[in-house]
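# Observations on the three-dimensional arrangement
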Amino acid sequence: DERIPILLDTPAAVRFLSAEPLLGAVDLLPYMGWREVGTQTRGLGWVIGGGESGPGARPCDLAWLRSLRDQCAAAGVPYFLKQLGSRPFVAIGDAPPLLHQAQVLRGYRALASGRLPFSTKNSHGGDPAEWPKDLQGCRAWPEGRA
């Protein structure tokens, strides 16, 4: 987040942040939403999030993606979830009981850190139909964009 203030000082109609690959939890609330500073409008007007894909992709916790969604909702900022990534996971305590049971039946074991892999058929986790229901609607655009 060290470059966000530079972004906010840049004259632009829409300032957006692409948080991908998302490799950890981030707090963007201090930078979100439109606000007047002197004669300039400042703030992030759009956030794009997603997990990393491809060979060697690092894991992405679905809780981090949900946190971005919730921060954006609180600030009234559109959130576009691009993909879950190649290695999405859920913490065991956050896993719906049916997901946990299904993963155990398939032979998955919780990692030592208490994570369960969240598998998708799409290798990048890019098909919203395969995402958890609460993340499927996270494809918002800034105003004026369809």
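Described in the following lines is the structure provided in the data block.

### What to know about helix α2 (residues 62-75)
Taking 1.5 Å of rise per residue, 14 residues should cover 20 Å, and α2 covers 20 Å from first to last C-alpha, within 8% of that figure. If you check the start of α2, you find a side-chain oxygen 2.8 Å away from the backbone N of A63, and it comes from D61. Count one or two residues on from α2 and you reach G76, which has phi positive near 70 degrees.

### Examining the pairing of strand β7 (residues 88-91)
The two faces of the sheet receive side chains in turn, since in a regular strand these alternate between them. In the sheet, strand β5 (residues 60-61) pairs with β7 via 2 bridges, with the strands oriented parallel. Looking across to β7, one finds that D61 is bridged to F89. Both β7 and strand β8 (residues 115-117) contribute to a ladder of 3 bridges, which runs antiparallel. Counted as the bridge partner of V90 is L116 from β8.

### Let's talk about the sheet that holds strand β4 (residues 46-50)
Across the sheet, 3 strands lie side by side as β1-β4-β6; this open sheet has parallel pairing. Two strands close off the open sheet at either side, each with one partner strand: β1 (16-19) and β6 (79-83). Within this sheet the neighbouring strands show an average axis-to-axis angle of 15 degrees, counted without direction. As paired elements, β1 and β4 share 4 bridges and run parallel to each other. Across the sheet, S18 pairs through a bridge with I48, a residue of β4.

### So, unusual backbone geometry
P21 follows E20 through a cis peptide bond whose omega is 0 degrees. Relative to the assigned elements, P21 resides in the loop between β1 and β2 (35-37).

### Examining the side chain of Q71
With respect to the helices and strands, the residue Q71 is situated in helix α2. Residues contacting Q71, with those up to four places away along its chain left out, are V26, D27, L28, L29 and M32.

### With respect to the sheet that holds β7
With mixed pairing, 3 strands are arranged side by side in an open sheet as β5-β7-β8. Two strands close off the open sheet at either side, each with one partner strand: β5 and β8.

### Here we look at the pairing of β6
The element β6 is largely enclosed, with a buried count of 4 among its 5 residues. By the bridge criterion, 4 bridges tie β4 to β6 in an arrangement that is parallel. Residue pairing for β6: V47 is matched across the bridge by Y79.

About the criteria used
Residues numbered from 1 in each chain as written. Predicted model: local features only at pLDDT ≥ 70, side-chain atom pairs only at ≥ 80, totals over all residues. Heavy atoms only, no water. Helix = DSSP H or I, 4+ residues; strand = E, 2+ residues; numbered from the N terminus. Expected span 1.5 Å × (residues − 1). Polar contact = N/O pair within 3.5 Å; in protein donor to acceptor, adjacent residues only side chain to side chain. Pairing = 2+ DSSP bridges. Axes fitted to C-alpha atoms, helices over the stretch in contact; angles between N-to-C directions. Contact = heavy atoms within 4.5 Å. Buried < 20%, exposed > 50% of the residue type's maximum accessible area, 1.4 Å probe, protein only.

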